[in-house]
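Letter by letter, the chains look like this.
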Amino acid sequence: MKKVKIISIVGARPQFIKLAAVAERMSFEPFRKTFLHIIIHTGQHYDYEMSKIFFQELNLPEADYHLEVKSQLPSEQIGRMMEGIEKVLLKERPDIVVVYGDTNTTVAGAISAAHLKIPIAHIEAGLRSFRRDMPEEINRVLTDRISSLFFCPTKTAVQNLKREGQTKNVYFVGDVMYDVFLSVQKCLKQRQILNTLGVCKKHYLLMTVHRKENLRMIKNLIKIFECLATLKETIIFPVHPGTQRCLNEAGCDVKKFKNIKAIKPIGYLDMLYLEKNARKIITDSGGVQKEAYWNKTPCIVLRDETEWKELTTSKCVILVGNDEKKLLSALNKDCKIHRYNDKIFGNGNAADKILDKILEWSYLQ
Ligand code: UDP
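Residues numbered from 1 in each chain as written. Predicted model: local features only at pLDDT ≥ 70, side-chain atom pairs only at ≥ 80, totals over all residues. Heavy atoms only, no water.

## Quick word on the pairing of strand β2 (residues 35-41)
For β2, a buried count of six out of seven residues is recorded, marking the element as mostly surrounded by other parts of the structure. Relative to β2, strand β1 (residues 4-10) runs parallel, the two sharing seven bridges. Residue pairing for β2: K5 is matched across the bridge by L36. The pairing of β2 with strand β3 (residues 65-66) spans two bridges and is classified as parallel. Across the sheet, I40 pairs through a bridge with Y65, a residue of β3. With respect to chirality, the unit in which β2 leads through helix α3 (residues 52-57) into the neighbouring parallel β3 is right-handed. (Buried < 20%, exposed > 50% of the residue type's maximum accessible area, 1.4 Å probe, protein only. Helix = DSSP H or I, 4+ residues; strand = E, 2+ residues; numbered from the N terminus. Pairing = 2+ DSSP bridges. Right-handed = clockwise from strand over helix to strand, strands pointing away.)

This is the structure in structure tokens:
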């Protein structure tokens, strides 16, 4: 029987994690026999700490094609990605292209496939912040408009698509990041990262910031750091390269804030361990919000809205925007997670469900 040829297109840190769920399932029967899986890495993230470490830690197969596009202005980056992706798609002629999440890589992959009339499966379809000034929102809305199969991580995402008139081939499968989160728990027993950083369980905060809304207003972000510097608690801050660039341009050296320990981005396993053991997390990341919930660590989000609105009802996640007063008050609040429900994001078998549906769909073609 002819195998179904799938091309996964990834390029940014959270996509390597999402890909890990799919690639792992693909290496077992019945999928090993039925699928031929090819991976394109666009090179959107390229540093060791932002890319290779995830391939190593998550046992990902090497990418079959590496486009090495690297970062530049968004339109130039998307354009160059499309150029490279199109060449691979023309050569490989896959049955379906799988894109993940909401990055420039996602939209570049989707548009290239659509032009060549190759069906697209979108993993993490239907998420909406309803803010068209967010690059991620533009990427996910465009990708959903031209996809054929929609794999939704939450029921809210299904509802969002329904509101936009999209009901065909829409599936609530759960979150592939939850699959990966569960599968690596056994590797998290003995990590040295707390010793290395000189902090103790539940006696530090963990912070990540990288969203364009926050980087565009770098002065506000620096004000937030100044406010955090009034605390006694240590704040571990793995700095995203984009954030580091903006801080450099603004002439801000985070080292001057004695309690903020700025470090390079860290690997996924250490990150999960730090999330689990932090007293609270401060972030604008989508993935980190969910992991905070799964780790039952209270999380303060430096945004005014979230695509993961189920989390705000759990009270695990508090939205503070870029308001320092709200941030301080949230940090001081004794916060208990209400009604923890591990089914919001599925059962940890999203990748299985996705591959089943793709297979079913391919029989009908
Ligand atoms: N992450 C990591 N190391 C870091 C920071 C984040 O491994 O130094 C992981 C984090 O645990 C989560 C993912 O990267 O799984 C989130 O990626 P990011 O915040 O870049 O993107 P977003 O989720 O906002 O799209």
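## Thoughts on the nonpolar core
Counting 77 residues, the largest nonpolar core has I6, F35, Y268, L274 and I358 as its most contacted members. No other element matches the eight residues that helix α1 (residues 13-26) contributes to this core. Aside from chain neighbours lying at most four places away, what touches I358 is I6, F35, I96, V98, A121, L149 and F151. Listed in part, the 25 residues of the second largest apolar core include F237, L302, L327 and A330. (Core = buried A, V, L, I, M, F, W, Y, C linked by side-chain atoms within 4.5 Å. Contact = heavy atoms within 4.5 Å.)

## Notes on the side chain of T306
Structurally, T306 can be placed in the loop between β12 (299-301) and α15 (310-313). Side chain to side chain, T306 and Q289 meet in a polar contact 2.7 Å long. Within the structure, T306 has its side chain in polar contact with the backbone nitrogen of W308 (distance 3.0 Å). Sequence-distant contacts of T306, that is, excluding residues within four places in its chain, are made with R128, Q289, T312 and L319. (Polar contact = N/O pair within 3.5 Å; in protein donor to acceptor, adjacent residues only side chain to side chain.)

## Overview of the sheet that holds strand β8 (residues 204-208)
Spatially, the six strands line up as an open sheet ordered β10-β9-β8-β11-β12-β13, and their pairing is parallel. At either margin of the open sheet sits one strand with a lone partner, and together these are β10 (260-263) and β13 (317-319). Across this sheet, the average inter-strand angle for adjacent strands is 20 degrees, counted without regard to direction. Taken together, the four bridges between β8 and strand β11 (residues 280-283) define a ladder with parallel strand orientation. From the neighbouring strand, M207 faces β11, where its bridge partner is I282. Contacts from helix α13 (residues 268-277) reach β8, β9 (234-238) and β11, with the element oriented near 130 degrees to β8. (Axes fitted to C-alpha atoms, helices over the stretch in contact; angles between N-to-C directions.)

## Points about the packing of aromatic side chains
The full count for this structure, using the stated rule, is twelve aromatic pairs. When the ring of W308 is compared with that of F345, the centres are 5.8 Å apart and the planes differ by 50 degrees; the resulting orientation is tilted. Highlighted residues: W308 in the loop between β12 and α15 and F345 in the loop between α16 (324-332) and α17 (350-363), separated in sequence by 37 residues. Each member of the pair W308 and F345 is classed as buried. Taken together, the aromatic side chains of Y178, F181, Y293, W294, W308 and F345 make up a single cluster linked through ring pairs. (Phe/Tyr/Trp six-rings, centres within 6.5 Å; stacked < 30°, edge-to-face > 60°.)

## So, the pairing of β10
Of the pairings in the sheet, the one linking β9 to β10 comprises four bridges and is parallel in character. Within β10, the residue paired with I235 across the bridge is I260. Handedness of the crossover is the feature at issue here: the chain leaves β9, passes through helix α12 (residues 241-249), returns alongside β10, and the resulting connection is right-handed.

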